[in-house]
Structures are given as structure tokens and as C-alpha cells.
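A closer look at the structure
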Amino acid sequence: MKHFKTMYYLLFIAAIMVSCEKETTTLPENSKLNEQNFNYPPTNSKEILGKKMTSNNLLNIFEISNQIYNGSFESGDFSGWNVDVDSEPFYPWVVTGYENGVGFGFEETQPQDGNYVAMNGFDGSGPMTFTMYQDVYIDGCEPSLSWMDRIQWDYINLEEQFSISRTLEVQIRDPENNNLLETLYSFSTGDENENPTGDTGWQQHTVNLSSYVNSTVRIYFLESIPQNFSGPAQIEFDDIKIVNLDSDCDGCPDSKDPYQYSDFSQYLEFGGCNLGVKNKLTRNCGATMADEINALIAEINAQYNGDNYRELHSEFVTRVAQLTYYWKLDRQITSKQRTAISSCAWRANIPFLDL
Ligand SMILES: [Ca+2]
Ligand SMILES: [Ca+2]
Ligand SMILES: [Ca+2]
């Protein structure tokens, strides 16, 4: 079996050598796309940010206004992407659906998001590279690049011992001159001795891009094949996107934020009182004073059955006093304001029947 695979691989390489002129796989749809000159960023992104910063809306939802185009390859092609190889690939860049791939006993392609993945043979007439990139404007508060990949390889028993690992790097480059700004991620197969065969399985990666907010960057996937046909492989990519990890931009990531869409009303208001108290972020990650009051009211109200007003109202007043204790301690309110809030809580018709 092993012998058969080796023979097949050698035949495969020979066929490539004979049949292929050196070609770059800048696909027709990509050259068309380059001419179209996608508008990154859309003109409204700054306005959205401006609105966010001054908004008194009850609910602030910060949507990322730009996104990687066709990051899941669901167009069925490389629209939005620039892909290239700089020498003869073992198997070129393709977008494909389920149950495809290079063969050689590898697991077939498995789209992880939708019905398509991007893939190639991660091998060829090295030293060579496979590249895929797209320029994107970065905004949001904790934007991160997220993607999925799977790498399978087999050095098979060729005469030569291959001593240099194949690598995948995900980089940030300057769209103006293609200069490397940062390597976000790197993966190495290991050499033939270390890892004669391998399969990473599907992996999900998330890398922070906060330092690139308000700039356009090149998201650049770089596969390096240092040696000449060192054994078949298959690399797949899917679901490449920018995710905003702090939806309401309050400095507390969604993963820790109990109020992912905080109430940023300018003033704290409840129970119909005109308190004149400015609503601020509290000591608790992601929580404004309004969030804490709103949550408390909702919690108290949820327990109201029409007969337990007294005890629930009393609990409400006590809990408001606990909240304001910390706000006062943290100098977010004055003693006078604390008294005003307490007296408002006492007078407020809470709980109430939600009819
Ligand atoms: Ca997909
Ligand atoms: Ca947040
Ligand atoms: Ca929040």
C-alpha cells in the first residue's frame, strides 16, 4: 500500500512536470475583482463609530461595519481573495465542497461553515509558497481574526529524507507595500523524522487585531514549502472572519460581560425620579449603573405574585442601598446623590404587575 502510494505520488509529480507550464492561479474572477476595486471601508464606518461614542440611546449595539468578503468561500470560488502559487503546486488552490481532496488516503474535505472550503496540496516544486490574502478595514472594540483550518500530510517513503518542515503562517501585512507587520500565527509540520505523517484535525483560531483598529490591513495566509515534492498533503481553510469580542465597546469582552449590550443612557433613571445622576460604568466588568438597577428591578419583578409587595419592595430598597454603597465608595456618586437614589427607591412602585 505504502509502495503504491509512493509510486502514485511520483507519477503524479511527473505528470505535473510534463503538463504544466509555470502558472499563477490568479483566477479570472479575482482579476475582475481587482479591477472593481472594492470600497474598503464603506464610507459610513466612521459615522457609526461617532454615533456610538456620543449616543444616549438605551441600547448601543456596535456592529462591525466591515467584514472579510467571502471568508467562508460560499460563493464557490475565490471572490474577494487573491490567491497565488510561485512554483508548480502538487495540487493547486481550489474552492470545493464535501468529499473532495487530493486523495492519498487523506480525509476528504469537510466544510465547517456552509458548503465550501478553500484547499490546496501544501506541497510542490519547492522552495515555493502558496499565498492567499485580502485587505480589510478593521474596526470594533476588540476585533479579532477568526478562522478554521485543517492540515494533513504524509512524507511517504521517498529516497530523499526531508529535513525542513513545511509551515503555515497567518500574517498582517501593509496593503501599500506588502511589508510584513506581524505574524499572528504559525504552524509547522515538523520534518520527516519528527512527524512522517500528520493530521491536525479541524482547528479554530482567534487572534486579536485591536492594535489595527481604524486601519486597513492585509490578512495574509502564507504556506511555505521549503523542499521539492516532499510528500502529498492537504490544507483546508474555512470560516475566515473578523469577530468583535466586545459588542458594546465598554472595555469588557463579551466573554466576561454580564451586559453585552449595556444601557449607556446619560442619566440614571428609574421609578419616575428625576435624579440628575450621571450613569457611569461601575467596578464590575461591563456593567453600567443603569444595567445594575435594571437587572435588579427585573429580578425583583420576576418574583412578584401580587401578594408579596411589601417584602419585595423592602428587598429592593436594601439591594439598591448595597449597589449605591459601592458606587459611593468608588466616588461615582456623592453622599447626597446616594441619599436621593435611596429615597427614590423607597418611593418607587417596585415591584409592579406587568399587565
Ligand atoms: Ca464555508
Ligand atoms: Ca462589553
Ligand atoms: Ca457591557
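For the structure, see preceding data.
Residues numbered from 1 in each chain as written. Chains lettered and ligands numbered in written order. Predicted model: local features only at pLDDT ≥ 70, side-chain atom pairs only at ≥ 80, totals over all residues.

1. Topic: the overall build of the protein
Heads up, the condition is: For the purposes of this entry, the term helix denotes a DSSP run of H or I that reaches at least four residues, the term strand denotes a run of E that reaches at least two, and both are numbered from the N terminus. Burial in this document is a count-based property: other C-beta atoms within 10 Å of a residue's C-beta are tallied, and the residue is buried at 20 or more, exposed at 12 or fewer, or partly exposed in between, with C-beta positions derived from the backbone. This entry defines residue contacts through backbone-placed C-beta atoms, with two residues in contact when those atoms are within 7 Å.
The secondary structure content of the protein amounts to 6 helices and 11 strands. Here the protein holds 355 residues, and the buried ones make up 33% of them. Counting contacts in the protein only where the partners sit at least 6 residues apart, residues at least 24 apart contribute 74% of the total.

2. With respect to the nonpolar core
Put simply, the rule reads: Connectivity within a nonpolar core runs through C-beta atoms within 7 Å, and the core itself is a set of buried Ala, Val, Leu, Ile, Met, Phe, Trp, Tyr and Cys residues.
Counting 35 residues, the largest nonpolar core has W93 and A118 as its most contacted members. Every element with two or more residues in this core is listed here: β1 (82–85), β2 (94–96), β3 (117–120), β4 (128–138), β5 (143–154), β6 (167–173), β10 (215–225) and β11 (233–244). Grouped together as the second largest cluster of nonpolar side chains are 14 residues, L268, V277, F316 and C344 included.

3. Some remarks on the packing of helix α5 (residues 309–329) against helix α6 (residues 335–347)
Note the cut-off: Between the N-to-C directions of two axes lies an angle of 0 to 180 degrees, each axis being a line fitted to C-alpha atoms and, for a helix, fitted only over the stretch in contact. To sort the angles, those under 35 degrees are grouped as roughly parallel, those over 145 as roughly antiparallel, those from 65 to 115 as roughly perpendicular, and the leftovers as oblique. Should the near helix be turned counterclockwise from the far one by less than a right angle, the crossing is left-handed, whereas a clockwise turn marks it as right-handed. Amino acids are sorted into nonpolar (Ala, Val, Leu, Ile, Met, Phe, Trp, Tyr, Cys and Pro), charged (Asp, Glu, Lys and Arg) and polar (every other residue, Gly among them).
Interhelical geometry of α5 versus α6 gives an angle of 165° and a closest axis separation of 9 Å. The pairing of α5 with α6 is recorded here as roughly antiparallel in orientation. Crossing of α5 against α6: the hand is right-handed. Facing F316, V317, V320, A321, T324 and K328 of α5, the residues of α6 in contact are S335, R338, I341, S342, A345 and W346. In terms of residue class, the contact of α5 with α6 is built from 7 nonpolar, 3 polar and 2 charged.

4. What about α6?
Here is the rule we go by: One less than the number of residues in a helix, times 1.5 Å, gives the span that helix is expected to have.
For α6, which comprises 13 residues, the first-to-last C-alpha distance of 19 Å matches the rise-based estimate of 18 Å (1.5 Å per residue) to within 8%. Packing partners of the buried residues in α6 comprise α5.

5. Focus: the pairing of β4
Using the following cut-off: By this definition, two strands are paired if DSSP reports at least two bridges between them.
Summarising the sheet, β1 and β4 pair through 4 bridges and their orientation is antiparallel. When the sheet's bridge partners are listed, V83 is paired in β4 with M132.

6. A few points about the sheet that holds β6
Pairing within the open sheet is antiparallel, and its 5 strands lie in the order β1-β4-β10-β6-β7. The open sheet is flanked by β1 and β7 (180–188), the only strands paired with a single partner. Going across the sheet, the axis of each strand differs from the next one's by a mean of 15°, ignoring polarity. Looking at chain direction, β6 and β7 are connected through 7 bridges and run antiparallel. If you follow T167 over to β7, its bridge partner there is S188.

7. Quick word on the packing of helix α4 (residues 289–302) against α5
Where α4 contacts α5, the two axes come as close as 10 Å, and the packing angle between them is 160°. Comparing their axes, α5 and α4 come out roughly antiparallel. In the crossing of α4 with α5, the sense of the turn from one axis to the other is right-handed. Across from M289, E292, L296 and I300 in α4, the residues of α5 making contact are L312, E315, F316, R319, V320, L323 and W327. Along the lines of polarity and charge, the residues of the contact of α4 with α5 split into 8 nonpolar, no polar and 3 charged.

8. A short note on the environment of F104
Mapped onto the elements, F104 comes out in the loop between β2 and β3. With 50 residues separating them in the primary sequence, F104 and D154 have C-alpha atoms 8.7 Å apart. Contact partners of F104, with chain neighbours within four places excluded, come to K5, Y9, D154 and P232.

9. Observations regarding unusual backbone geometry
Residue P127 follows G126 across a cis peptide bond; omega there is 0°. Checked against the element boundaries, P127 lands in the loop between β3 and β4. Of the consecutive residues I350 and P351, the connecting peptide bond is found in the cis state with omega at 0°. Tracing the backbone through its elements, the reader meets P351 in the segment after α6.

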